[in-house]
Amino acid sequence: MKKIYLIGFMGSGKSAIGRRLSFLLKIPYYDMDQEIVKKIGMSIPEIFAKYGEAFFRQQEHEFLKTLRDEWCIVSTGGGVAVNPSNTKVMRQTGLVLFLDATFADIWKRIHRDVNRPIVQASTREDLEALYTTRKRFYKAATHITIRTQGRSLRQITEYAAFQVNRLKSNNK
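Residues numbered from 1 in each chain as written. Predicted model: local features only at pLDDT ≥ 70, side-chain atom pairs only at ≥ 80, totals over all residues. Heavy atoms only, no water.

Draft legend 1. Inspection of the packing of aromatic side chains at higher detail. One pass over the structure, following the stated rule, counts 7 aromatic pairs. Between Phe9 and Tyr131, the aromatic rings sit 5.5 Å apart at their centres with planes inclined by 90°, giving edge-to-face as the arrangement. One end of the pair, Phe9, is in the loop between β1 (3-7) and α1 (14-25); the other, Tyr131, is in helix α8 (residues 124-141), and 122 residues separate them in sequence. Take Tyr131: its relative accessible area is 11%, and that puts it in the buried class. A connected cluster of aromatic rings, assembled from ring pairs, spans Phe9, Phe103, Trp107 and Tyr131. In this structure, Lys26 is placed above the aromatic ring of Phe23, and the distance from its NZ or CZ to the ring centre is 6.0 Å. (Phe/Tyr/Trp six-rings, centres within 6.5 Å; stacked < 30°, edge-to-face > 60°. Helix = DSSP H or I, 4+ residues; strand = E, 2+ residues; numbered from the N terminus. Buried < 20%, exposed > 50% of the residue type's maximum accessible area, 1.4 Å probe, protein only. Lys NZ or Arg CZ within 6 Å of the ring centre and 35° of its normal.)

Below, the structure is given as structure tokens:
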């Protein structure tokens, strides 16, 4: 288990925590969405508009399957854990940390984000229903749940690093 996967709903803090955790643990960081954007040469809204969500989800799966074998942090897309094949890859190759944020906190962060096609095409109620549906997939995929409500980015990052280091030392 070399990889540390951060899963959770869009806006749960995966990218922000991933960058900080990478710095703290001194290991490489990959933002799955950004890697797909680089590979395809289009923004996420452009990918969704031109190729559709199914194509994007396939790109996420390809990313997981082809990521090199190294210690690294990966912030995943919000829908990654819904695919059982993705969950299997993540659980077999790494430690899966679920950033469990409340929908109220998530809504504050994402409701005006034009780079999130699902947000732009959905009502608050639609997004909350999606959040509720996906949450059970996150719980099923995770090794460790990290509740984020009322915690600073620093507190969340330090707790994640503690868990990673604890498990690394147990696996030596």
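Draft legend 2. Broad picture of the pairing of strand β5 (residues 144-147). On β5, burial follows the alternation: Ile144 and Ile146 on one face are buried, whereas Thr145 and Arg147 on the facing-out side are not. With 4 bridges joining them, strand β4 (residues 94-100) and β5 adopt parallel strand pairing. Within β5, the position partnered with Leu99 by the bridge is Ile146. (Pairing = 2+ DSSP bridges.)

Draft legend 3. The arrangement of empty space enclosed by the protein in detail. Inspection of the entire model under this criterion finds 1 cavity of 30 Å³ or more. Looking at the largest cavity, the residues that line it are Phe9, Ser12, Phe98, Leu99, Asp100, Ala101, Ile106, Tyr131, Lys135 and Tyr138. At the level of elements, β4 and α8 are the ones that each hand at least two residues to the lining of the largest cavity. Considered class by class, the residues forming the lining of the largest cavity number 7 nonpolar, 1 polar and 2 charged. (1 Å grid on protein atoms, 1.4 Å probe; cavity = no way out; pocket = protein on both sides within 12 Å on 5 of 7 lines; lining within 4 Å. Points joined across faces, edges and corners; volume = space filled by probe spheres on them. Nonpolar A, V, L, I, M, F, W, Y, C, P; charged D, E, K, R; others polar.)

Draft legend 4. View of the nonpolar core. Within the largest apolar cluster, 34 residues are counted, with the highest numbers of intra-cluster contacts made by Ile7, Phe9, Met10, Leu64, Met90, Ile110 and Leu127. The residues touching Leu127, leaving out its near neighbours within four places in the chain, are Phe9, Met10, Phe103, Trp107, Ile110, Ile118, Val119 and Ser122. Ranked by size, the runner-up nonpolar core spans 16 residues in total, among them Ile4, Leu6, Ile27 and Leu97. (Core = buried A, V, L, I, M, F, W, Y, C linked by side-chain atoms within 4.5 Å. Contact = heavy atoms within 4.5 Å.)

Draft legend 5. Up close: the environment of Ile4. Its location among the elements puts Ile4 in strand β1. Note on Ile4: relative accessible area 0%, which makes it buried. Separated by 93 residues in sequence, Ile4 and Leu97 place their C-alpha atoms 7.3 Å apart. For Ile4, the residues in contact, after removing those within four places along its chain, are Leu21, Ile27, Trp71, Cys72, Ile73, Val74, Leu95, Leu97 and Val164.

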